[in-house]
There are 2 protein chains.
Amino acid sequence: MGKIIAKKNSSKKDVITKKASLLFRKKGFRATSMRDIAEAIGVEAPSLYNHIRSKNEILKEICFNIALQFTDHLKLIEHSKQSNLAKIENIIRFHITMMIEEFENVYISDHEWKHLPEPFLTDFKNQRRNYRLHLSAILQKGIDKKEINDVDPHVAVLTILSSISGIEGWQRSGKKIDAKLLEENMVTILINGLKK
Amino acid sequence: MGKIIAKKNSSKKDVITKKASLLFRKKGFRATSMRDIAEAIGVEAPSLYNHIRSKNEILKEICFNIALQFTDHLKLIEHSKQSNLAKIENIIRFHITMMIEEFENVYISDHEWKHLPEPFLTDFKNQRRNYRLHLSAILQKGIDKKEINDVDPHVAVLTILSSISGIEGWQRSGKKIDAKLLEENMVTILINGLKK
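Residues numbered from 1 in each chain as written. Chains lettered and ligands numbered in written order. Predicted model: local features only at pLDDT ≥ 70, side-chain atom pairs only at ≥ 80, totals over all residues. Heavy atoms only, no water.

Our focus in this paragraph is the domain arrangement of chain A. Many structure descriptions define interface size as the accessible area lost when the parts assemble. Residue and element names in this part refer to chain A. By the assigned domains, chain A splits into domain 1 (12–48) and domain 2 (60–194). For domain 1 and domain 2, the distance between their C-alpha centres works out to 27 Å. Across the contact, nine residues belong to domain 1 and 10 residues belong to domain 2. Carbon and sulfur atoms supply 63% of the area buried between domain 1 and domain 2, which totals about 890 Å² over both sides. (Domains from an automatic or database assignment. Contact = heavy atoms within 4.5 Å. Buried area = accessible area lost by both parts, 1.4 Å probe.)

Have a look at this one:
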């Protein structure tokens, strides 16, 4: 059994989180033990505890880090000077990119957040709800300005986010997809579909 | 403990399947026992075996019954004389209706089919793949005839089916949605998005 080896610009904690994320996705959070994580890294379980307190802490790190990336991007877009439709397009592109580049972490934050302990669970749920409300608000503004088709903004949010989370199945199946083709085609369908 | 009471036009087997479907969705197929199903119906477990051989048989019933409904509808549409875009619209509407009216069964056939025993598993997987290939073919014909935007038909199938399966979350959350509004809005977004 060796040491935790971190590459340049990444901490040992990052190494643990990354490996844990992969296991949480494949086996589920509940079924993954700290011992499994240690084994996958190639170290003894006790040496994990120098860097991380618990499995819950890893889950918290993953979920809140992903949430932060999405909300930071959303704030940037909200404050930008573009049409509401362009804002939605930017958000869709960001979601697709995250789904492809940060697949494991996005998957965990989408499916395993239910296992977060309180008070983090409530906080996370509020952030999710809030994020969707902000998306709805952008859509509603676009509808009011006749940039976007007159649809229920909540149905539009559902349609957008579900389409993108469908990329999961494709990622899991290990099929080689051209990420750019996927992004362009999905954006074409969703943005044409929303455009007035 | 009483008897299995079936309403008019439904068999005792239907009663068992319906209750099982609800439990499979809530607890998962693996975690649900024949005893749980019997308890939910209000009978002793042995009396289930007069109507159904095993938990696997119930799963098989649910998955293949749903698959049959989808393939029957698809055949009907494929042989109809409408534009390819209209065919796709019809298929989308059928999926949404099934998602709303047959929610538990569609959910099981979408998520729990992995637990089917062989040879049913292979058969079911082939049916799923085949169904998607037929959808892609309709889309491709529509693209060739310039009815549909020039997108990769597989990305289009992914976008369509994922959007619709997103209705799950909404169903589960128990939010009251106007089914007609949901259908019309989702069709507007997807069909406008696909239309050339």
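What follows concerns the side chain of S109(B). Position of S109(B) relative to the elements: it lies in helix α6 (residues 103–111). Excluding its chain neighbours within four sequence positions, the residues that come into contact with S109(B) are C63(B), I66(B), F124(B) and R128(B). (Helix = DSSP H or I, 4+ residues; strand = E, 2+ residues; numbered from the N terminus.)

Tallying each qualifying case throughout the model produces 22 salt bridges over all chains. For the salt bridge of E183(A) with K180(A), the shortest nitrogen-to-oxygen distance reads 3.6 Å. Pair noted here: E183(A) and K180(A) are both in helix α10 (residues 179–194), with a separation of three residues, about one helical turn. Residue E183(A) is classed as buried on the basis of its relative accessible area, which comes to 10%. The salt bridge partner of E184(B) is R93(B), with a shortest N-O separation of 2.8 Å. Here E184(B), found in helix α10 (residues 179–194), pairs with R93(B), found in helix α5 (residues 84–101); they are 91 residues apart in sequence, far enough to count as distant. Since its relative accessible area comes to 30%, E184(B) is described here as partly exposed. (Salt bridge = Lys/Arg side-chain N within 4 Å of Asp/Glu carboxyl O. Buried < 20%, exposed > 50% of the residue type's maximum accessible area, 1.4 Å probe, protein only.)

For the match of chain B to chain A, the screw axis carries a shift of 0.0 Å, the RMSD comes to 0.0 Å, and the turn is 180°. The operation mapping one copy onto its partner corresponds to a two-fold rotation axis. Among all residues of chain B, the minimum C-alpha distance to the rotation axis is found for G193(B), at 1.8 Å. A high fraction, 100%, of the interface residues of chain B reappear at the interface in chain A, so the copies pair face to face through one surface. (Least-squares fit on C-alpha atoms with pLDDT ≥ 70 in both.)

What follows covers the interface of chain B and chain A. On the side of chain A, 23 residues touch chain B, which itself brings 23 residues to the contact. Taking both partners together, chain B and chain A bury about 2,000 Å²; carbon and sulfur atoms supply 75% of that area. For the chain B face of the interface with chain A, the top three residues by lost area are V155(B), L158(B) and I189(B), together amounting to 28%. Our count for the chain B to chain A interface comes out at zero salt bridges. Our count for the chain B to chain A interface comes out at three residue pairs in polar contact (both at pLDDT 80 or more). Broken down by secondary-structure element, the contributors of at least two residues to the side of chain B that touches chain A are α8 (153–165), α9 (167–172) and α10 of chain B. The element best represented in the side of chain B that touches chain A is α10(B), accounting for 10 residues. Of the residues in the side of chain B that touches chain A, the class split is 12 nonpolar, 10 polar and one charged. (Polar contact = N/O pair within 3.5 Å; in protein donor to acceptor, adjacent residues only side chain to side chain. Nonpolar A, V, L, I, M, F, W, Y, C, P; charged D, E, K, R; others polar.)

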